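Residues per chain, in single letters:
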Amino acid sequence: MFNAIDRDAERQRVMNRRTLVLGGLKAAALSTLAARLYYLQVIEGDHYTTLAEDNRISLRLLAPSRGIIVDRSGVPLAVNEQNFRAVLVSERTDDVDETLDKVVKLLPISDADRRRVLRDVDRLRSFAPVTLRENLTWDQVSAIEVNLPDLPGVSIEVGQVRSYPFGEQAAHILGYVGVVSETELQNARDPLLSLPGFRIGKSGVERSHDMALRGTAGTSQLEVNAVGRVVRELARNDGQPGHQVTLTIDAKLQYYAQQRLSEHPSAAAVVLDVNTGGILALASHPSFDPNQFAMGIPQDVYDGLIKNEASPLTNKVVAGHYAPGSTFKPMTALAGLEAGVDPTHRVFCSGSYDFGGHTFHCYKKGGHGSVDMFDAIRWSCDVYFYDLSRRIGVDRIADMARRFGLGDKTGLDLPGEKGGIIPDTKWKRRTYKENWYDGETLSVAIGQGYVLATPIQLAVMCARLANGGKAVQPHLTKAVEQESAEQTNWPDIGVKPEFIQRVLAGMAGVTSAGGTAYAARITQPGMEMGGKSGTAQVRRITMAERNAGLLKAERPWKDRDNALFIAFAPVQAPKYAVAVIVEHGVAGGAVAGPIARDLLLEVQLMEAARAQQADAGTAAPADGTQTTSAPRGTPR
Amino acid sequence: MINLDMGLDPQSNMSLGEKLGQISWSLVLLITLVACVGFAMLYSAANGNFDPWATRQIMRFGVGLVVMLVVALIDIRIWLKFSYFLYGIAFFLLIVVEVMGHVGMGAQRWIDLGFMQLQPSELMKVTLVMALARYFHGATLEDSGRITFLIPALVMIIAPVCLVLLQPNLGTSLMLLMVSGAIFWLVGVRLWKFALVIGSVLAAIPIIWRFMHDYQKNRVMTFLNPENDPLGHGYHIMQSKIALGSGGMFGKGFLMGSQSHLNFLPEKQTDFIFTMLAEEMGMVGALVFLAMYTLLLVYGYVIAMRCRHQYGRLVAMGLTVNLFLYMFINIAMVMGLIPVVGVPLPLISYGGSSALTVMTGFGLLLCVHVHRDVRMSRRGMSDF
């Protein structure tokens, strides 16, 4: 019994000793835990706090609304419209197929769209909205909204879509917006571009002013959980909406110009303010509907535009290369005057001019008889200019043309502008590694041969003549936000005013009795215009055709001559210049002339009406009656 | 053997009232306090809702409290008497689970009792301690020194460990091994014998490795290099460390743990609940919690040291070691100190079986305390 107690006591002594060892081990283990806590929470605490914030906060970009584009008086040309989309959140419906069946009864959804929706439902997280259809009409929105209780998972979201109220009428100026391409994404650093569905300017002003219009991205700090579902918004910065861009365009005139051109299969026209260089109208026909591009153009419509031989997607004002024909003659005349040619010197036109064994024809078969410079311009006598160019050489003509803005891009703030060709001896050597043939000078003198110009260049040339030799440059931007972008004190070209006056007088003669465009004159007093017609060969006319007396109008359309016209008005103290081309329109004076006339008359009438309205407004400010806009004379 | 002290034993036949008076109510209070921390955490884990976890846990704890007191009041000699029997039941249930698991339920660890999911491996954690305590209750130091005497005890340990390993449940089998090791240590088994066993186990690791499940291998590999697998097994532990670390000194505040509330933290209501506690309460809160837990362990030690019979000492020590292992493995795991081995945090983690086991364990601990001076023969029941 004592033995048993002794044994137990011994046993307990061993156990107590070993309990202490065990307790020591536990204490050590607990200390390890405490040390680990200290390490993780205090020493590494900041590091893990950062990681936790990264986990928690997801920064999302908010697309700013794109700046609107307005005309010179504030008429909206490109705006943002609400775009209603029907979206489906798959986790909120038990049966996606069944919901889709119900939606289809309210909105047409193609089978292809349905397949895309089902694919997206599989691919995306169950809480991510899948777009069912965009650009819903108000009726469709209402139909969905009313039936929402019966459409689990479906909701309407509002976004913005670019809208062009003038549609085709200003498409070539405004261009359009489209989704960001892969290369654009790689080359740009703006994070906005990576936003799904973000659209940037692809052509026109939308593209040239894309940066100003785009605005800066807003951000939204969202608290997200482990699977990326948004729990709440922590902070929001809406970013900067894009700047408003005010164009020099006059919407009314633009509309009118585009309408006027649509009478022809293919044509272009541009109206410039000769003092500022502001473009009041820029029309290229045929056109396209930029709204279709903003919403994603259907492939067949796009293919139709591409295949159309009148190339509706090309802005012919800036990218159309044409032989200027007789509209170039003022340059030859000016070059002659500067070279010291006496304007009263007379040349006899028999209808043709022999040079170097070749016969150069005047467009008038019977000839103009004896012509001086004034007559040569108003009658557009080819022989006179052949003779003149022989005396001064091609280089002087080329130099004068370049000073007036031909041969190179005008620097217009519109993408896609093309240069032109003003040939001279150096150019020929550089381009063809050949010497200049004197016979080629004769072609250049009448704006044929190698000479190529765009309508905007011709308009600039005309404007520089009309303003007395100021190197005005064309532009479309009047202001970005409030900052005026217009320049008025243009440098001087350095041509003696009297020379220019002589040429202008000749151009005034074009629309006066006996001139080539007398029929296209402006009769309103104080609004008269001067101009120069041009009919340029598209295809060299063969001797056989000339001898057979083939009527020009009987040739296939594509082979007919281009009709051109440049003009300015009013003749006394010109304000506006215009250039018109009607492709294959055959006769410059008769086809392009009336268009130029109508545009110049319209712009002047509009100005007069505005002035009258302003007068009425200041004369009777308080009588309460509404001042009606002055009656606007219709052209013709 | 003749028990001469029989008439002198003051505790042999206590009335219920005397027993209630003997219960360490301060320990019961401490247990309740720790459990309340658990309720708060479950409330937070549900984003400030009693549903789905806190309410059910409170109800379980209520039932657990009753079970604990009943267990505490039952005469410890009855527990001694039924130690092998209870062990036998737990072992049988392990086999049942194993067989049922193989018959088409996958790796099943539970038996559905209707009102709760019983996990036999949890039961084994308590009954193995009881069985070993009974086995060593009458053993002298000389007995404990004989290898032949140790062999039956080793069989008693290795059989359930193998079954639990087969489930597979690495965490529980390790716990069973370590608790048994602690009991072996306490009854005087020589250190060199442990060294021998550990040495041979280390030598056997390559062979064990070959028999391990792929997911177990993955866990070990992930533990050795968590960044290797940031979206798989390492994800949990990385997110757990982020949550814990971002708690800082004073924590993000109750209900403010962003990691846990935004579901970056996996199993925040069960195995990873300590992480949430540390995230919301900071290091200070976590240390206070650890201190409360340490106090529980100290109670266990005091009860064991005061006990006048080997069975009670071994049961108390075994259960305390058990409690310590639960806590240490769980917390060390969520801190990334040891591999992730699914062990709950007693009194805190949401779960039925572990709550019941833990409360039964505390009941036995209290029982040892109530019956600390009872004189017991080697067989226990002969004293009645």
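Parameters and conventions
- Residues numbered from 1 in each chain as written.
- Chains lettered and ligands numbered in written order.
- Predicted model: local features only at pLDDT ≥ 70, side-chain atom pairs only at ≥ 80, totals over all residues.
- Heavy atoms only, no water.
- Helix = DSSP H or I, 4+ residues; strand = E, 2+ residues; numbered from the N terminus.
- Buried < 20%, exposed > 50% of the residue type's maximum accessible area, 1.4 Å probe, protein only.
- Contact = heavy atoms within 4.5 Å.
- Areas by Shrake-Rupley, 256 points an atom, 1.4 Å probe, with all protein chains shown as cover.
- Salt bridge = Lys/Arg side-chain N within 4 Å of Asp/Glu carboxyl O.
- Polar contact = N/O pair within 3.5 Å; in protein donor to acceptor, adjacent residues only side chain to side chain.
- Nonpolar A, V, L, I, M, F, W, Y, C, P; charged D, E, K, R; others polar.
- Pairing = 2+ DSSP bridges.
- Axes fitted to C-alpha atoms, helices over the stretch in contact; angles between N-to-C directions.
- Phe/Tyr/Trp six-rings, centres within 6.5 Å; stacked < 30°, edge-to-face > 60°.
- Core = buried A, V, L, I, M, F, W, Y, C linked by side-chain atoms within 4.5 Å.
- Expected span 1.5 Å × (residues − 1).
- Arc of directions from axis to C-beta.
- pLDDT = per-residue confidence, 0-100.
- Parallel < 35°, antiparallel > 145°, perpendicular 65-115°, else oblique.
- Left-handed = near helix turned anticlockwise from the far one by under 90°.

Asker: I'm lost on the overall build of chain A in this one. Help?
Answerer: When helices and strands are counted, chain A shows 23 helices and 21 strands. Within chain A, buried positions represent 50% of all 636 residues. Excluding contacts between residues fewer than 6 apart, the proportion of contacts in chain A whose partners are at least 24 apart in sequence is 72%.

Asker: What's the story with the overall build of chain B in this structure? I'm lost.
Answerer: Within chain B, the secondary structure is distributed over 15 helices and two strands. Counting the 384 residues in chain B, one finds 55% classified as buried. Within chain B, contacts between residues at least 6 apart in sequence are counted, and of these 75% link residues at least 24 apart. If you sum the accessible surface of chain B, you get close to 16100 Å²; carbon and sulfur atoms cover 71% of it.

Asker: Which parts of the structure should I look at to understand the interface of chain B and chain A?
Answerer: Listed per partner, the contact involves 60 residues of chain B and 39 residues of chain A. Linking chain B with chain A are zero salt bridges, by the criterion used here. One can count eleven residue pairs in polar contact (both at pLDDT 80 or more) joining chain B with chain A. Where the side of chain B that touches chain A is concerned, the elements lending two or more residues are helix H5 (120-137), helix H6 (141-145), helix H8 (170-186), helix H11 (233-247), helix H12 (258-261), helix H13 (273-306) and helix H14 (310-334) of chain B. The residue makeup of the side of chain B that touches chain A, split by class, is 37 nonpolar, 17 polar and six charged.

Asker: What is the right way to read the environment of Glu434(A) from this model?
Answerer: Within the fold, Glu434(A) resides in the loop between helix H18 (425-432) and helix H19 (438-445). Once residues within four sequence positions are removed from consideration, Glu434(A) is found in contact with Lys428(A) and Arg429(A).

Asker: I keep staring at the sheet that holds strand E9 (residues 230-237) of chain A and nothing clicks. Help me out?
Answerer: To summarise the sheet geometry, strands pair through backbone hydrogen bonds and adopt either a parallel or an antiparallel arrangement. Residues and elements named next belong to chain A. Pairing within the open sheet is antiparallel, and its three strands lie in the order E1-E8-E9. This sheet does not close on itself; its edge strands, each paired only once, are strand E1 (57-62) and E9. Strand-to-strand, the axes of this sheet are offset by a mean angle of 30°, without reference to chain direction. Two elements, strand E8 (residues 218-224) and E9, share six bridges in a ladder whose sense is antiparallel. The residue bridging Leu222 from the neighbouring strand is Glu233, located in E9. In the packing of helix H2 (residues 45-56) onto the sheet, the strands contacted are E1, E8 and E9, and the crossing angle to E1 comes to about 45°.

Asker: What's the story with the packing of aromatic side chains in this structure? I'm lost.
Answerer: Taken as a whole and assessed by the stated rule, the structure comprises 27 aromatic pairs over all chains. Relative to Tyr302(A), the ring of Phe293(A) lies with its centre 6.2 Å away and its plane at 75°, an arrangement referred to as edge-to-face. For Tyr302(A), a relative accessible area of 29% corresponds to the partly exposed category. Here the aromatic rings of Phe39(B) and Phe61(B) are separated by 5.7 Å at their centres, their planes lie at 70°, and the arrangement is edge-to-face. With Phe39(B) in helix H2 (residues 25-45) and Phe61(B) in helix H3 (residues 54-73), this residue pair connects regions lying 22 residues apart in the sequence. An identical accessibility class is assigned to Phe39(B) and Phe61(B); each is buried.

Asker: Help me out: how do you make sense of the sheet that holds strand E19 (residues 530-536) of chain A in this one?
Answerer: Residue and element names in this part refer to chain A. With antiparallel pairing, the five strands of this open sheet are ordered in space as E12-E11-E21-E20-E19. The sheet terminates laterally at strand E12 (279-285) and E19, the two strands that pair on one side only. Direction aside, the axes of adjacent strands within the sheet are offset by 5° on average. Note that strand E11 (residues 267-273) and E12 share six bridges and pair antiparallel. Paired with Leu272 across the strands is Ile279, a residue of E12. Where helix H21 (residues 497-510) meets the sheet, its contacts fall on E19 and strand E20 (562-569), and the angle it forms with E19 comes to roughly 75°.

Asker: Can you walk me through the nonpolar core in this structure?
Answerer: Note on soluble globular proteins: their nonpolar side chains tend to be buried together. Counting residues in each nonpolar core, the largest one holds 136 residues, and the members touching the most others are Leu247(A), Met331(A), Leu334(A), Phe404(A) and Leu599(A). If one sorts the elements of this core by residue count, helix H23 (residues 588-619) of chain A sits on top with ten residues. If we skip the residues at most four places from it in the chain, Leu247(A) touches Ile69(A), Val70(A), Asp71(A), Arg72(A), Leu77(A), Ile173(A), Leu174(A), Val205(A), Leu476(A), Thr477(A) and Lys478(A). Ranked by size, the runner-up nonpolar core spans 124 residues in total, among them Leu33(A), Ala133(B), Phe324(B) and Cys367(B).

Asker: Sorry, what's going on with the pairing of E20(A) here?
Answerer: Working note: regular strand, side chains alternate between the two faces of the sheet. Residues and elements named next belong to chain A. Extensive coverage of E20 is indicated by the burial of eight of its eight residues. Residue alternation in E20 divides its side chains into two sets, Asn562, Leu564, Ile566 and Phe568 and Ala563, Phe565, Ala567 and Ala569, and both sets are buried. Both E20 and strand E21 (residues 576-582) contribute to a ladder of seven bridges, which runs antiparallel. Considered in E21, the bridge of Ala569 is made with Tyr576. Linkage of E20 to E21, two consecutive antiparallel strands, is achieved through a turn of six residues, within which Ala573 is found at a positive phi near 55°.

Asker: Quick question: what am I supposed to make of H2(A) here?
Answerer: Every α-helical turn comprises 3.6 residues, leaving residues that sit three or four positions apart pointing alike. All names here are of chain A. End to end, H2 covers 16 Å across twelve residues, agreeing with the expected 16 Å (1.5 Å per residue, within 8%). Among the residues of H2, Gly45, Tyr48, Ala52, Asn55 and Arg56 are the ones counted as buried. Projected down its long axis, H2 carries its buried residues within an arc of 90°, all on one side. Exposed residues lying more than 90 degrees from the buried face of H2 are Asp46 and Asp54.

Asker: When you look at the confidence of the model for chain A in this model, what are you seeing that I'm missing?
Answerer: One rule of thumb: low pLDDT means the predicted coordinates there are not for detailed reading. Residues and elements named next belong to chain A. Mean pLDDT over chain A: 84, with 92% of residues reaching 70 or higher. Low confidence marks residues 540-548, where pLDDT is under 50. Its contacts with residues over four positions away, or in another chain, come to six contacts. Across residues 620-636, confidence stays below pLDDT 50; counting only partners more than four residues off in sequence or on other chains, it has 16 contacts.

Asker: So what exactly am I meant to see when it comes to the side chain of Asp75(B) here?
Answerer: Assignment of secondary structure puts Asp75(B) in the loop between H3 and helix H4 (76-105). At 2.7 Å, the side chain of Asp75(B) and the backbone nitrogen of Arg77(B) are in polar contact.

Asker: Please explain helix H16 (residues 382-392) of chain A as it appears in this structure.
Answerer: For H16(A), the tally of buried residues reaches nine of eleven residues, placing the bulk of the element in the interior. Turning to H16(A), its buried residues are Asp382(A), Val383(A), Tyr384(A), Phe385(A), Tyr386(A), Asp387(A), Leu388(A), Ser389(A) and Ile392(A).

Asker: Teacher, can you tell me more about the pattern of salt bridges here?
Answerer: Should their charged atoms come close, side chains of opposite charge can pair. Residues and elements named next belong to chain A. Applying the stated rule across the entire model yields 31 salt bridges over all chains. The partner of Lys102 in a salt bridge is Glu98, with the nearest N and O atoms 3.5 Å apart. Of the two residues, Lys102 and Glu98 both sit in helix H3 (residues 96-106), four residues apart, roughly one turn of that helix. You can call Glu98 partly exposed: its relative accessible area is 42%. Residue Asp250 is joined to Arg610 by a salt bridge in which the shortest nitrogen-to-oxygen separation is 3.6 Å. Pair noted here: Asp250 is in the loop between strand E10 (245-247) and helix H10 (251-261) and Arg610 is in helix H23, with a separation of 360 residues, a long-range link. By relative accessible area, which is 4% here, Asp250 ends up buried. Take Arg610: its relative accessible area is 43%, and that puts it in the partly exposed class. Members of the salt-bridge network, linked through shared partners, are Arg66, Arg162, Glu206, Asp210 and Arg214.

Asker: In this structure, what is going on with the confidence of the model for chain B? I would like to understand it.
Answerer: All names here are of chain B. Per-residue pLDDT for chain B averages 84, and the proportion of residues at 70 or more is 87%. Here residues 1-8 is a poorly scored stretch, pLDDT under 50, and it has seven contacts once near neighbours within four places are set aside; other chains count. Here the predicted complex carries an ipTM of 0.88, next to a pTM of 0.63.

Asker: Explain unusual backbone geometry here, please?
Answerer: Where the residue is not glycine, phi is negative for most of them; where a peptide bond is considered, it is trans in most cases. Cis geometry marks the peptide bond from His285(A) to Pro286(A), where omega comes out at 0°. Geometrically, the link from Ala569(A) to Pro570(A) is a cis peptide bond, its omega value of -15° lying close to zero. Positive phi outside glycine occurs at Ser380(A), with the angle close to 60°. Using a relative accessible area of 3% as the deciding quantity, one classes Ser380(A) as buried. The phi dihedral of Leu255(B) is positive, around 70°, even though this residue is not glycine.

Asker: Could you clarify how one ought to interpret the packing of H5(B) against helix H15 (residues 352-370) of chain B in this entry?
Answerer: The axes of two packed helices give the description: the angle between them and the distance between them. All names here are of chain B. Running from amino to carboxyl end, H5 crosses H15 at an angle of 20°, the nearest separation of the two axes being 8 Å. On the basis of their axis angle, the class for H5 and H15 is roughly parallel. The crossing of H5 and H15 is right-handed. Residues Glu122, Leu123, Val126 and Met130 of H5 pack against Ser353, Ser354, Thr357 and Leu364 of H15. Its residues assigned to classes, the contact of H5 with H15 shows four nonpolar, three polar and one charged.

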